[in-house]
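# Structural description and commentary
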There are 2 protein chains.
Amino acid sequence: MVTDTVTAKPEPRPARAGGKREQTKIQNRETILEAARKVFAELGYGATTVRDIIRATPLASGTFYNYFQSKEEVYQAIRDEVALEIRPRLREERAKAKSIDEFISSTFRTFFEFVARDEGNFRAIRHNADSTRVRMDTPEVLAGFTELREDIEKAIADAIFPPVDADFLMAAIVGVAFEVAERMVIGDNHNPSEAAEFATALFMGGVHKLPHRKNAAGTA
Amino acid sequence: MVTDTVTAKPEPRPARAGGKREQTKIQNRETILEAARKVFAELGYGATTVRDIIRATPLASGTFYNYFQSKEEVYQAIRDEVALEIRPRLREERAKAKSIDEFISSTFRTFFEFVARDEGNFRAIRHNADSTRVRMDTPEVLAGFTELREDIEKAIADAIFPPVDADFLMAAIVGVAFEVAERMVIGDNHNPSEAAEFATALFMGGVHKLPHRKNAAGTA
DNA sequence: TGCAAAAATTGACGCAAAGTCACGTTCCGT
DNA sequence: ACGGAACGTGACTTTGCGTCAATTTTTGCA
């Protein structure tokens with residue numbers, strides 16, 4: 001490891017707690033994030049440039065780089081905000097679970113309710129210029145996946161779950177959660193309860209246990 | 001709709017079937033795609049530039065734009081090749097299905113076997129500089145999703161499936177397929193049969209029917 | 001309060017890659 | 001074999017990125 005005293009960067013003294021410096025720093029960061037959300041939603045992630053973001057801001061271009069390295073990092077920050085809010089809730093719910101059913105249903109219910117509430121953000125982020133669909137999972141999101149796998153492993157150790165492949169099960173839950181959430185938001189069915197019931201039924205008993213459609217009229 | 005005769009673009013006459021023109025066009029396109037595959041694998045998708053791609057080619061920079069609009073479009077073309085190859089196979093398998101079990105298991109088996117065989121491509125495309133995970137679904141891939149939903153609806157009409165929400169079921173299958181495929185490729189378990197058995201068991205009977213681990217030694 | 005140092009902002013600048021286009025070359029139909 | 005159309009070429013223009021010296025704002029301290 002290189003701990004060169006000469007080359008080491010100055011490491012700015014931490015701003016005083018309630019000071020003006022700290023104040024504007026928080027303010028500016030939020031200004032940039034807000035502008036980014038707006039511009040991403042308008043132009044789509046791929047098409048927006050760092051310049052587009054700062055243009056939607058009273059700040060100068062150089063200032064942007066005091067806060068983020070690139071538009072990717074801004075995107076990450078936006079996603080991370082969401083991930084960091086939902087992860088503790090999910091862990092808490094799963095920790096309380098005394099059975100498989102509780103474990104699965106609380107996970108899906110919490111997730112879908114959160115997505116439904118956060119729908120604006122969700123849509124803004126998803127929007128893309130061409131018809132290509134993009135999903136980016138930041139390290140914070142991926143950490144959430146790992147937490148799920150850990151919880152599954154703990155549940156197996158506690159004999160709440162049978163000894164299945166925790167990695168695959170985690171992947172299956174994540175896959176269903178994200179894809180079904182997308183259908184919920186995109187489609188005309190914005191009901192998180194229905195989504196949660198569907199996903200839970202699938203994991204609890206497979207296709208045969210899925211809820212039947214109210215009106216059997218097929219789209220085809 | 002604007003059908004301006006003056007402004008309308010020339011619409012080049014289609015090259016003769018076996019002619020030299022057509023020949024080199026196909027050739028050049030493939031040269032670019034091949035170079036792109038190599039460079040994406042080397043530098044990662046995010047880091048490669050259009051120039052990097054043509055530099056790995058005897059062609060001039062201007063020529064690139066005769067074939068593709070951007071590196072995104074090259075990426076799409078690569079993905080589309082895969083999608084266009086696997087989609088008919090999946091349809092065929094599902095069309096033969098006489099029961100839910102056949103429908104589900106053939107879908108997963110075909111998909112995972114394809115991914116395992118195509119693993120090099122899969123990894124190359126996935127390779128990314130930062131630790132962010134990206135998944136891009138091109139229109140051709142999305143069309144594959146729609147085909148799955150159509151097949152599900154047909155199966156419901158034929159009373160092979162109960163009248164469940166076809167949109168959600170499609171989403172669930174897609175989600176499990178992609179996420180589990182990723183674990184299969186990334187992890188140390190490159191066995192498509194195991195992945196297919198896991199996913200099929202989940203959809204046929206839920207968590208309780210999942211195969212148990214061979215060696216019960218947990219990772220945690 | 002006044003002052004010097006530290007921190008942060010600013011926008012112009014240098015650079016790298018994107019995308020265009022006038023020109024030359026190759027191919028095609030007659 | 002000739003004329004025109006399609007294609008390839010690479011220099012050129014444009015666009016956006018990231019930096020940095022100069023400037024402004026804030027802070028700590030006497």
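Up top is the structure.
Overview of the structure. All values reported here derive from a predicted model rather than from experimental measurement.

This next bit is on the interface of chain B and chain A. Each side of the interface is counted separately: chain B has 53 residues, and chain A has 54 residues. Put simply, chain B and chain A have six salt bridges between them. Between A:Asp167 and B:Arg183 there is a salt bridge, with the nearest N and O atoms lying 3.2 Å from each other. Joining chain B to chain A, the criterion identifies 13 residue pairs in polar contact (both at pLDDT 80 or more). Contributing elements (two or more residues each) for the side of chain B that touches chain A: strand S1 (133-137), helix H7 (139-157), helix H8 (166-186) and helix H9 (192-205) of chain B. For the side of chain B that touches chain A, the element with the most residues is H8(B), which contributes 14 residues. The residue makeup of the side of chain B that touches chain A, split by class, is 30 nonpolar, eleven polar and twelve charged. Where strand S1 (residues 133-137) of chain A and S1(B) come together, five bridges link them in antiparallel fashion. In the strand pairing of S1(B), A:Arg133 is matched with B:Asp137.

Moving on: the side chain of B:Arg94. Residue and element names in this part refer to chain B. Structurally, arginine 94 is set in helix H4 (residues 71-96). Taking relative accessible area as the criterion, arginine 94 reaches 6% and is therefore assigned buried. In terms of polar contacts, arginine 94 uses its side chain to reach the side chain of aspartate 151, at 2.8 Å. Excluding anything up to four places from it in sequence, arginine 94 contacts Phe103, Ser106, Thr107, Glu147, Leu148 and Asp151.

Turning our eyes to something else, we now look at the relation of the copies chain B and chain A. Superposing chain B onto chain A takes a rotation of 178° combined with a translation of 0.1 Å along the rotation axis, leaving an RMSD of 0.5 Å. What we have between these two chains is a two-fold relation. By residue overlap, the copies meet face to face through one surface: 100% of the interface positions of chain B are interface positions in chain A.

Counting residues in hydrophobic clusters, the biggest one holds 92 residues, and the most contacted among them are A:Phe203 and B:Phe203. Sequence-distant contacts of A:Phe203, that is, excluding residues within four places in its chain, are made with A:Ile104, A:Phe108, A:Leu169, A:Ala172, A:Ile173, A:Val176, B:Leu202, B:Gly206 and B:Val207. Of all hydrophobic cores here, the second largest spans 38 residues; its members include A:Ile53, A:Ile54, B:Tyr45 and B:Ala77.

In this section: helix H1 (residues 20-43) of chain A. Residues and elements named next belong to chain A. With 24 residues, H1 ought to run about 34 Å at 1.5 Å a step, and its terminal C-alpha atoms sit 34 Å apart, in line with that. Among the residues of H1, those classed as buried are Asn28, Ile32, Leu33, Ala35, Ala36, Arg37, Val39 and Phe40. After H1 finishes, the residue glycine 44 shows a positive phi value of roughly 90°.

Once that is clear, we can look at the environment of B:Thr110. All names here are of chain B. Its place among the elements puts threonine 110 in helix H5 (residues 100-117). Overall, threonine 110 belongs to the buried group, its relative accessible area being 14%. Not counting residues up to four positions away in its chain, the partners in contact with threonine 110 are Ile86, Arg89, Leu90 and Glu93.

What follows is about the environment of B:Leu202. Note that B:Leu202 resides in helix H9. Counting along the chain gives 26 residues from B:Leu202 to B:Val176, while the straight-line C-alpha distance between them is 9.6 Å. In this structure B:Leu202 touches A:Ala172, A:Leu202, A:Phe203, A:Gly206, B:Val176, B:Val207 and B:Leu210, once residues within four positions along its chain are discounted.

By volume, the largest pocket is sized at about 780 Å³. Around the largest pocket sit 26 residues that line it, and A:Tyr45, A:Gly46, A:Glu72, B:Tyr45 and B:Glu72 are the ones nearest its centre. Of all the elements in the fold, those that place two or more residues in the lining of the largest pocket are helix H4 (71-96), helix H6 (119-126) and S1 of chain A together with H4 and S1 of chain B. The element best represented in the lining of the largest pocket is H4(A), accounting for three residues. The residue makeup of the lining of the largest pocket, split by class, is twelve nonpolar, seven polar and seven charged.

About the cut-offs
Residues numbered from 1 in each chain as written. Chains lettered and ligands numbered in written order. Predicted model: local features only at pLDDT ≥ 70, side-chain atom pairs only at ≥ 80, totals over all residues. Heavy atoms only, no water. Contact = heavy atoms within 4.5 Å. Salt bridge = Lys/Arg side-chain N within 4 Å of Asp/Glu carboxyl O. Polar contact = N/O pair within 3.5 Å; in protein donor to acceptor, adjacent residues only side chain to side chain. Helix = DSSP H or I, 4+ residues; strand = E, 2+ residues; numbered from the N terminus. Nonpolar A, V, L, I, M, F, W, Y, C, P; charged D, E, K, R; others polar. Pairing = 2+ DSSP bridges. Buried < 20%, exposed > 50% of the residue type's maximum accessible area, 1.4 Å probe, protein only. Least-squares fit on C-alpha atoms with pLDDT ≥ 70 in both. Core = buried A, V, L, I, M, F, W, Y, C linked by side-chain atoms within 4.5 Å. Expected span 1.5 Å × (residues − 1). 1 Å grid on protein atoms, 1.4 Å probe; cavity = no way out; pocket = protein on both sides within 12 Å on 5 of 7 lines; lining within 4 Å. Points joined across faces, edges and corners; volume = space filled by probe spheres on them.

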